[in-house]
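Notes for the structure review
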Amino acid sequence: MTKMTPNKGKDTILLGLWAGIFLALFILNRYQRAETASSTWDGWVDWVDAPDSFVHKKTWDRTGNRLSSAREKTMKANESSLRVGSDTVSESWLAKRWPAWKTTKFIRVRQRWGGIDSLILHREDLLGESWTWQFNAPPSMDITRIPHEFWYEHPLWRSNQIRAVHRYQSRIRPLQSWEEVFALAPFDSIQRIWIPMYFKLDME
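Residues numbered from 1 in each chain as written. Predicted model: local features only at pLDDT ≥ 70, side-chain atom pairs only at ≥ 80, totals over all residues. Heavy atoms only, no water.

1. Details of helix α4 (residues 100–113)
With 14 residues, α4 ought to run about 20 Å at 1.5 Å a step, and its terminal C-alpha atoms sit 20 Å apart, in line with that. All of the buried residues in α4 are K102, T103, K105, F106, I107, V109, R110, R112 and W113. In this structure, the buried side of α4 is in contact with α3 (91–95), α5 (118–123), β2 (132–134), α6 (148–153) and α9 (189–198). (Helix = DSSP H or I, 4+ residues; strand = E, 2+ residues; numbered from the N terminus. Expected span 1.5 Å × (residues − 1). Buried < 20%, exposed > 50% of the residue type's maximum accessible area, 1.4 Å probe, protein only. Contact = heavy atoms within 4.5 Å.)

Structure (structure tokens):
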């Protein structure tokens, strides 16, 4: 049995100490990256495709029996003459014509955007109906007067961006251009195009 020299014992302890430090840093880095990724895409989780396995509800009547092709064509012809208001259509009306996931998504999207236009409907993959939509576009909201509850729930904004804008406006002055807004925090290319379309500055 060989004796461990004092220097060798110290080297082993130092090696174990450094290994522990690097492991702790690695775990902390993974945690921070995961937290950043989840906050980065907060509010954008709705941009997913509908499940492929769903059989469209229009081909079934209320009793669960499959509609005949003639009756289905008649229903589609009748619905094609309908003009449906995107801001007034009720959840119960949509539930008779859409699957539950699509109805729920439409109502949630309308609430979070403050309205729905053709661009939002297309972006949220809610198009392709037999009736004609009458759109009520979301009002262009001034970011100096927007309620914080609505702002934090809006799909286009992330919490770190809202905090940066609010901090600047409360401590310095109202923002005067979108270049100033986008310089306060990281914004992706979609946000840079869409935010000026659905929001405005007090100077505009």
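The structure having been displayed, the exposition proceeds.
2. Let's talk about helix α7 (residues 159–171)
Here α7 is 13 residues long and its end C-alpha atoms lie 18 Å apart, about the 18 Å a rise of 1.5 Å per residue gives. Among the residues of α7, Q161, I162, A164, V165, Y168 and Q169 are the ones counted as buried. End-on, the buried residues of α7 take up no more than an arc of 165°, which puts them together on one face. In this structure, α7 carries S170 and R171 as exposed residues pointing more than 90 degrees from its buried face. Structurally, α7 contributes buried residues whose contacts are with α6, α8 (178–182) and α9. (Arc of directions from axis to C-beta.)

3. A word on a nonpolar patch on the surface
Judged by side-chain polarity, L14, L17, W18, I21 and L25 come together as a nonpolar surface patch covering roughly 500 Å² of accessible area. On the accessibility criterion, W18 (49% relative accessible area) is partly exposed. (Patch = residues over 30% accessible without salt bridge, like charges linked within 9 Å, V, L, I, M, F, W, Y side chains within 5 Å. Areas by Shrake-Rupley, 256 points an atom, 1.4 Å probe, with all protein chains shown as cover. Salt bridge = Lys/Arg side-chain N within 4 Å of Asp/Glu carboxyl O.)

4. What about the pattern of salt bridges?
Should their charged atoms come close, side chains of opposite charge can pair. One pass over the full model with this rule turns up four salt bridges. We note a salt bridge from K105 to E124, for which the minimum N-O separation is 3.9 Å. In this pair, K105 is assigned in helix α4 and E124 in the loop between α5 and β2, connecting sequence segments 19 residues apart. The same class applies to K105 as to E124, namely buried.

5. Looking at the packing of aromatic side chains
One pass over the structure, following the stated rule, counts 15 aromatic pairs. On the basis of an interplanar angle of 20° and a centroid distance of 6.3 Å, the ring pair of W133 and F135 is categorised as stacked. Through successive ring pairs, a cluster of aromatic residues spans W93, W98, F106, W131, W133 and F135. Across the ring face of W93, the terminal group of R97 is positioned such that the distance to the ring centre comes to 3.8 Å. (Phe/Tyr/Trp six-rings, centres within 6.5 Å; stacked < 30°, edge-to-face > 60°. Lys NZ or Arg CZ within 6 Å of the ring centre and 35° of its normal.)

6. A word on the environment of A137
Position of A137 among the secondary structure elements: in the loop between β2 and β3 (141–142). Under the relative-accessibility criterion, A137 is labelled partly exposed at 42%. When residues no more than four places from it in sequence are discounted, the contact partners of A137 are I116 and D117.

7. Points about the confidence of the model for the protein
For the protein, mean pLDDT is 75; residues scoring 70 or higher make up 67% of the total. Element-level pLDDT for the protein is lowest in helix α2 (residues 69–80), with a mean of 52, against a maximum mean of 94 in α8. (pLDDT = per-residue confidence, 0-100.)

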